Amino acid sequence: GGASRPHVMFIPSAGMGHLLPFFRFIASLARHDDDVDISVVTVLPTVSAAEADHFSGLFAAFPRVRRVDFPSHDRDPFIVRWEALRRSAHLIGPLIAGAAPRVSAVITDVTLTSHVIPIAKKLGVQCHVLFISCATIKKAEQGPGAGVGAVDIPGVRRIPESCLPQPLLDLNKQFTKQFIDNGRENINADGILVNTFDALEPAALAALRDGKVVPGFPFPPVYAIGPLRSVVDKEDSSSSSPVVAWLDKQPARSVVYVAFGNRSAVSHAHIREIAAGLEASGCRFLWVLKTTKVDRDDTAELTDVLGEGFLERLHQQQGQGQGQHGMVTKEWVDQEALLKHASVGLYLSHSGWNSVTEAAAAGVPLLAWPRGGDHRVNHWSWDGEDWLVTGEEIAEKVKEVMSDAAVRARATRTGEEAAMAVAEGGTSYRSMQQFVSSLKK
Ligand code: BUP
């Protein structure tokens with residue numbers, strides 16, 4: 001009878017070795033007796049694609065087994081990974097000490113400095129920080145007020161609270177505490193390497209270098225060594241992709257490249273607005289679409305996300321060889337190479353710093369739609385407009401920037417400055433030389 005019907009809740013852990021026996025037992029229980037309710041606690045995010053697949057397989061095979069989602073403390077898989085690293089930080093010392101040949105310098109990510117720098121100091125090893133965002137936010141991080149209210153950056157500008165990375169506004173969060181600790185610890189680094197170049201962020205770099213940022217403290221040497229370039233020179237490697245084949249057929253500077261980075265999930269509502277905006281702009285476009293934070297979770301069909309009409313219109317028009325030309329892809333693209341393609345005339349971007357530097361290097365104007373994190377600070381360093389909301393606004397801005405000769409000229413100039421910076425004798429080239437000689441001291 002109903003009242004006595006048992007309800008069993010399973011709480012499996014992570015790892016296929018733990019999950020498989022759970023799934024098998026759940027299946028066997030479900031087959032054995034219809035008169036037992038079964039729930040399975042599903043910790044999100046799952047660790048691997050295999051785990052996600054097997055969870056789905058179980059729930060598909062046994063629809064009556066309830067799925068109880070249990071978002072782990074932080075839903076963001078990147079933060080989960082960062083936490084795990086942080087908790088294992090004590091193992092880094094032995095790792096450095098045991099390496100052969102002897103380690104003379106370590107270069108750490110900025111999110112780990114408060115752990116790694118003291119360890120390196122203790123071992124008598126130089127410690128540098130490779131800072132992956134812009135120099136401007138590097139300064140914000142050093143400011144006394146990081147995490148509360150607006151941040152005044154002596155010599156650069158005041159950054160309103162609304163533009164600071166959102167997680168940093170909550171001082172109770174481990175991430176925020178850690179961020180502040182990291183910021184303080186940076187002073188003890190032997191050098192700060194920043195993926196930027198002097199012509200792109202002159203004010204921020206000057207202020208970082210002349211010790212204005214943390215009054216009374218000598219700030220470590222700042223090496224602006226960007227824009228960093230791809231690991232392999234890919235003269236012809238990417239020419240085989242369908243995306244490049246499509247770009248090859250478009251007129252010079254006619255395509256709006258649209259992408260919001262690899263870790264921003266764009267909501268369906270926003271996707272509809274972007275689609276409407278691109279269509280209304282009348283411009284050709286190449287849209288790299290991500291609907292989830294982690295690519296392997298992205299199982300959504302383009303038609304479901306975009307609505308059938310949108311893709312149909314796109315295909316019809318192209319079939320007839322007229323009207324608007326556009327391409328939407330969910331594949332990982334070689335963005336750095338695509339931005340250099342002659343057909344690309346504008347980048348509608350989330351303004352993640354890597355993307356900003358790639359656009360700068362390619363001399364492509366960037367229309368910024370900052371989504372979170374450091375984005376709202378990043379776009380100040382660049383031509384970006386303010387963030388946009390509706391399809392109408394997107395269409396308007398896209399048309400405006402695509403037809404703005406001054407913007408294009410400025411972007412071209414930035415591209416030239418970027419090339420000069422990394423060429424022999426350029427500012428970034430010389431910074432790299434100085435950095436290397438500091439290693440040999
Ligand atoms: Br998506 C995608 N191909 O398909 P950002 C991204 N990238 O090469 P982040 C590809 O990933 P947040 C793709 O060129 C850039 O180098 C892209 O870094 C490359 O933003 C990188 O732009 C993305 O700094 O988001 O890290 O995705 O800024 O929010 O951390």
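Residues numbered from 1 in each chain as written. Predicted model: local features only at pLDDT ≥ 70, side-chain atom pairs only at ≥ 80, totals over all residues. Heavy atoms only, no water.

Caption draft 1: Spatial organisation of the pairing of strand β3 (residues 66–71). Relative to β3, strand β2 (residues 37–44) is paired through six bridges, and the arrangement is parallel. Looking at β3, one finds that Leu44 is bridged to Pro71. Viewed along the sheet, the connection from β2 through helix α2 (residues 49–61) into β3 turns out right-handed. (Pairing = 2+ DSSP bridges. Helix = DSSP H or I, 4+ residues; strand = E, 2+ residues; numbered from the N terminus. Right-handed = clockwise from strand over helix to strand, strands pointing away.)

Caption draft 2: Fine view of the sheet that holds strand β9 (residues 222–224). Pairing is parallel in the open sheet, where four strands are placed in the order β4-β5-β8-β9. Looking along the sheet, the strands with just one partner apiece sit at the ends: β4 (105–109) and β9. When strand polarity is set aside, the average angle formed by the axes of neighbouring strands in this sheet is 25°. Pairing of strand β5 (residues 126–131) with strand β8 (residues 191–194) involves four bridges; the strand directions are parallel. Counted as the bridge partner of Phe131 is Val194 from β8. Helix α5 (residues 113–123) contacts β4 and β5 of the sheet and is inclined by roughly 160° relative to β5. The sheet strands contacting helix α18 (residues 427–439) are β4, β5, β8 and β9, and the helix crosses β9 at an angle near 140°. (Axes fitted to C-alpha atoms, helices over the stretch in contact; angles between N-to-C directions. Contact = heavy atoms within 4.5 Å.)

Caption draft 3: How the structure looks around the pattern of salt bridges. Within this structure, the stated rule accounts for 11 salt bridges. Its salt-bridge partner being Arg66, residue Asp37 comes within 3.6 Å of it at the nearest N-O pair. Of this pair, Asp37 sits in strand β2 while Arg66 sits in strand β3; the two residues are 29 residues apart in sequence, bridging distant segments of the chain. Note on Asp37: relative accessible area 17%, which makes it buried. Taking relative accessible area as the criterion, Arg66 reaches 40% and is therefore assigned partly exposed. Residue Arg87 is joined to Glu83 by a salt bridge in which the shortest nitrogen-to-oxygen separation is 3.0 Å. Residue Arg87 and its partner Glu83 are located together in helix α3 (residues 77–87), separated by four residues, close to a single helical turn. Assessed through its relative accessible area of 57%, Arg87 is described here as exposed. A relative accessible area of 16% places Glu83 in the buried class. Residues joined by salt bridges that share partners form a network here, namely Arg5, Asp35, Asp37 and Arg66. (Salt bridge = Lys/Arg side-chain N within 4 Å of Asp/Glu carboxyl O. Buried < 20%, exposed > 50% of the residue type's maximum accessible area, 1.4 Å probe, protein only.)

Caption draft 4: A look at the packing of aromatic side chains. A full pass over the atoms with the stated rule returns nine aromatic pairs. Ring centres 5.0 Å apart and planes at 55° place the aromatic pair Tyr257 and Tyr347 in the tilted group. Here Tyr257 is found in strand β10 (residues 255–259), whereas its partner Tyr347 is found in strand β13 (residues 344–349), with 90 residues between them in sequence. One aromatic cluster in this structure is built from Phe10, Phe22 and Phe25. (Phe/Tyr/Trp six-rings, centres within 6.5 Å; stacked < 30°, edge-to-face > 60°.)

Caption draft 5: Examining the site of the ligand more closely. Lining the immediate surroundings of the ligand are 15 residues, of which Asn262, Val333, His350, Ser355 and Glu358 lie closest. Between an oxygen atom of the ligand and a side-chain N or O atom of Gln335, the distance comes to 3.1 Å. Within the backbone of Trp353, one N or O atom sits 3.4 Å away from an oxygen atom of the ligand. When the ligand is considered free in solution it has 630 Å² of accessible area, and contact with the protein chains removes 84% of it. (Near = heavy atom within 4 Å. Polar contact = N/O pair within 3.5 Å; in protein donor to acceptor, adjacent residues only side chain to side chain. Areas by Shrake-Rupley, 256 points an atom, 1.4 Å probe, with all protein chains shown as cover.)

Caption draft 6: Looking closely at the side chain of Glu185. Relative to the assigned elements, Glu185 resides in helix α7 (residues 174–185). Buried charge Glu185 goes without a salt bridge, the closest partner of opposite sign being Lys121 at 7.0 Å. Every residue in contact with Glu185, bar those within four places of it in the chain, is listed here: Thr113, Ser114, Ile117 and Pro118. (Lys, Arg positive; Asp, Glu negative; His and termini not counted.)

Caption draft 7: Expanded view of the environment of Ala89. Relative to the assigned elements, Ala89 resides in the loop between α3 and α4 (92–97). Taking the relative accessible area as the measure of exposure, Ala89 reaches 4% and is therefore buried. For Ala89 and Ile119, which are 30 residues apart along the polypeptide, the C-alpha to C-alpha distance reads 9.3 Å. Apart from the residues lying within four places of it in its own chain, the contact partners of Ala89 are His115 and Ile119.

Caption draft 8: Focus on the pairing of strand β1 (residues 7–10). As defined by bridge partners, β1 adjoins β2 across four bridges and the pair is classed as parallel. By the bridge assignment for β2, His7 is matched with Asp37. In terms of handedness, the path from β1 via helix α1 (residues 16–32) over to β2 forms a crossover that is right-handed.

Caption draft 9: Seen up close, the side chain of Ser343. You can see Ser343 is positioned in the loop between α13 (335–339) and β13. Overall, Ser343 belongs to the buried group, its relative accessible area being 2%. Discounting chain neighbours no more than four positions away, the residues touching Ser343 are Leu247, Gln250, Pro251, Ala252, Arg253, Ser254 and Val255.

Structural measurements only, silent on function.
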